[in-house]
Amino acid sequence: GVAFADLDNDGDQDVFIEMGGAFLGDGYMNALFENPGFSNHWIKIKLVGISSNRAGIGARIRLTIYEQNTQRDVYKWVNSGGSFGASPLRQEIGLGKADTIDVLEVYWPTSDTTQQFLDVGVDQYIEITEDQDEYRTIPQVRLYFNKEMQM
């Protein structure tokens, strides 16, 4: 199995692979690949359903950003992952060089409602609750996998 997630909270996707265990005595070890990073922007979004399911599965997210004077829309559909691996239910979305999110929309299919947020900051983790007018910022602590701390 394989999972893609920002495991160290630095804004890029890291990869964890379950490599061993296919048979008794299998000597392969699991592997964690830490993404060395880049200078692009990102946002993490946790959805909390009220009328919809609590995890927000089935909700659709649309971000409108401007990157190098060109408008771009980014779409995400919240799902539970795959059969041989999964990723977190929080949505981790790369934004390239865009320094703000002009429009962030969440469509909740169960309640058939759409929430819209304007001028959302980048490089942050937010929680959006169905039918609320404002989102909440979730603090994060940067994690280090190496024994020596890097700054």
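Quick caveat, the model's predicted, so the values are computed rather than measured. (Residues numbered from 1 in each chain as written. Predicted model: local features only at pLDDT ≥ 70, side-chain atom pairs only at ≥ 80, totals over all residues. Heavy atoms only, no water.)

Caption draft 1: Structural view of the sheet that holds strand β1 (residues 2-5). Ordered by their spatial adjacency, three strands build an open sheet running β1-β2-β3, and the pairing between neighbours is antiparallel. With one partner strand each, in any of the chains shown, β1 and β3 (31-33) form the two edges of the open sheet. On average, each strand axis in the sheet is tilted by 15 degrees relative to the strand beside it, whichever way the strands run. Summarising the sheet, β1 and strand β2 (residues 14-17) pair through four bridges and their orientation is antiparallel. Of the residues in β2, the one forming a bridge with F4 is V15. (Pairing = 2+ DSSP bridges. Helix = DSSP H or I, 4+ residues; strand = E, 2+ residues; numbered from the N terminus. Axes fitted to C-alpha atoms, helices over the stretch in contact; angles between N-to-C directions.)

Caption draft 2: Up close: unusual backbone geometry. One non-glycine residue, N9, adopts positive backbone phi at about 60 degrees. Relative to the assigned elements, N9 resides in the loop between β1 and β2. Using a relative accessible area of 19% as the deciding quantity, one classes N9 as buried. A positive phi is found at D123, a non-glycine position, where the angle reads about 55 degrees. (Buried < 20%, exposed > 50% of the residue type's maximum accessible area, 1.4 Å probe, protein only.)

Caption draft 3: Looking closely at the packing of aromatic side chains. Counting across every chain of the model gives one aromatic pair. One cation-aromatic arrangement involves R90 over Y125; the distance from NZ or CZ to the ring centre is 5.5 Å. The side chain of R142 reaches across the aromatic face of Y144, ending 4.5 Å from its centre. (Phe/Tyr/Trp six-rings, centres within 6.5 Å; stacked < 30°, edge-to-face > 60°. Lys NZ or Arg CZ within 6 Å of the ring centre and 35° of its normal.)

Caption draft 4: Local environment of the layout of surface pockets. Approximately 190 Å³ is the volume attributed to the largest pocket. Forming the walls of the largest pocket are 12 residues, and the residues nearest its centre are K76, S87, P88, R90 and Q91. Contributions of two or more residues to the lining of the largest pocket are made by β6 (70-77) and β7 (91-96). A breakdown of the residues in the lining of the largest pocket according to their chemical character gives three nonpolar, six polar and three charged. (1 Å grid on protein atoms, 1.4 Å probe; cavity = no way out; pocket = protein on both sides within 12 Å on 5 of 7 lines; lining within 4 Å. Points joined across faces, edges and corners; volume = space filled by probe spheres on them. Nonpolar A, V, L, I, M, F, W, Y, C, P; charged D, E, K, R; others polar.)

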